[in-house]
Amino acid sequence: MQFISKTAIHRSGQGPCRIYRIPGVIATPRNTVITYCEGRAGQSDWSGQMILSRRSEDGGVTWSEERCLAAGEGEPVNNPVMIAGRDGTVHFLWQKNYRRTFYQRSLDDGKTFSAPREITGIFSGYRTKYGIDWNVYALGPGHGIETSAGRLVQPVWVSFGEGNSHGPACVSSIYSEDGGESWQIGEIVPWDEGCPNMNETTAAELSDGRVLFNIRSDCPESVRATSVSPDGFSGFGPYRLEMALPDPVCFASLVSSRAEGRHALLFSNCAVKPERENFYSRQRRNLTVRLSFDDGDTWPLSRKLAERAGYSDMAASPDGKWFYCYYEDDCSDILHSEPRRLTLAKFNLEWLAD
C-alpha cells in the first residue's frame, strides 16, 4: 500500500530565526531521523545565525523540539552536514564564514555531540597541492557518506573567485580513514568550460563500491553532471552531463539504499530545464524524486513531490522500507531565498512507483 506523509519541521518567522534554509537529513542505524538546517536572519547566504536540528526516534512520526547545535557568535554559520556511521556514530561538520570548518561527533544517536574541533588547516592543501588560491569554500551541503570500506566522504566545493563570491568554483571531497579522528583533502573533479563553476555536490556509493558524485554546475545544457571515483577522493573520471536530469542550478540530493532486494539510488531535485535566455524560466519547481536500479544509468521510477520547492536532501531507513526527503517548501519569490517552511516527506516504494 502506498504511503506518504509530510511534516513541517521549521516555519519561517516562527522560532528564533526569520528564515530556515539549507536542509540536511540522515537516518541512523537505529532509524532515528535527524534533520538540520541553517537559521538565517535574512535572505543572504551570509546571514546564517545558527544551525538547528530536530530528532525523531520513531521514523518521523513524532519530533523533538528544535535545538541549536552551533551559533555564529558574530560570524555567519553555513552548510551543516552529517554522516550516519554504520556503527551508530553521527559525524557532524559545519562552517563559519565559508572559511572555517569544525567537526563534532555523537555516540548517542545524535542526542549530544562532542566539543567542536577545527579542521580548517587541511584546506590549505588546495593552495599548496593544487594551486587553487581559494577565498571561500563550502561543505556539501546535504549529507556525506560512509563507504562499505569504512571511509567517511564529504563532497566540498572550493571557490577561486574574488572576495566572497561563490564562483568560479571546482569540486573535491574531504575524507577520513579513521572514523573522523583526522581528515584529508581529496583530488579535484575534472572540469572545463563545457561544465564550468562546479559547486554544490551530493555523493552515493554504487553497487560495486565506487562513489558517484552528482554535481550542480553552470553547464549550458542545464542538466546535472556526474563523475565517478573508485574511493570517493581520488581517480575521478571525466564528468558526464546527465541529459535525463534537468536542473535549474540548484542543490540536489542522492542516497543509496535497498529496494525490492536490490541496490538502488534515489535522487531528488527541482526537475526544471530553464531557457538560458529567460531568467524567469529558472524557477525552482517540480521537486521530483527518482529511483534507479542500475547505478544511475536510467531512472525508471519518478514522481513529483512538491510544486514550489528548492534545496532538498534525502535519506533512507536502514531496512530500505522508508525514504525521507527534507526540502525547502513553498518558496516565496523568484530567487527562492525565503522558503515558507522546511518540510520532511516520508514515503515508500509503492508511492514512488504509482
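Scroll up to find the structure.
Here the structure is a predicted model, which is why all the values come from computation and not from measurement.

Along the chain, Asn 78 turns up in strand β6 (residues 77-84). Here the side chain of Asn 78 touches Tyr 98 through a polar contact of 2.9 Å, landing on its backbone nitrogen. Discounting residues that sit within four places of it in the chain, Asn 78 has contacts with Glu 38, Asp 45, Ile 51, Trp 94, Gln 95, Lys 96, Asn 97 and Tyr 98.

Take unusual backbone geometry next. Between Gly 140 and the following residue, Pro 141, the backbone shows a cis peptide bond with an omega angle of 0°. Turning to its location among the elements, Pro 141 is positioned in the loop between β10 (136-139) and β11 (145-146). In the segment running from Gly 167 into Pro 168, the intervening peptide bond is cis, with an omega of 0°. Inspection of the secondary structure assignment puts Pro 168 in the loop between β12 (152-159) and β13 (169-176). Of note in this structure, Glu 73 is not a glycine but carries a positive phi near 50°. Within the fold, Glu 73 resides in the loop between β5 (67-71) and β6.

Glancing now at the sheet that holds β6. The sheet built from four strands is open, its strands ordered β6-β7-β8-β9 with antiparallel pairing. Whereas interior strands pair on both sides, the edge strands pair on one side only; in this sheet they are β6 and β9 (117-118). Judged from the six bridges that link them, β6 and strand β7 (residues 90-96) form a sheet pairing that is antiparallel. Its bridge partner lying in β7, Val 77 is registered against Lys 96.

Next up on the list: the sheet that holds strand β3 (residues 33-40). Here four strands make up an open sheet; going across it, the order is β2-β3-β4-β5 and the pairing antiparallel. Only two strands of the sheet have a single partner each, and these edge strands are β2 (19-27) and β5. Within the sheet, the average angular offset between the axes of one strand and its neighbour, ignoring direction, is 25°. As paired strands, β3 and strand β4 (residues 48-56) are joined by eight bridges and run antiparallel to one another. Counted as the bridge partner of Thr 35 is Arg 54 from β4.

Reading the values: the criteria
Residues numbered from 1 in each chain as written. Predicted model: local features only at pLDDT ≥ 70, side-chain atom pairs only at ≥ 80, totals over all residues. Heavy atoms only, no water. Helix = DSSP H or I, 4+ residues; strand = E, 2+ residues; numbered from the N terminus. Polar contact = N/O pair within 3.5 Å; in protein donor to acceptor, adjacent residues only side chain to side chain. Contact = heavy atoms within 4.5 Å. Pairing = 2+ DSSP bridges. Axes fitted to C-alpha atoms, helices over the stretch in contact; angles between N-to-C directions.

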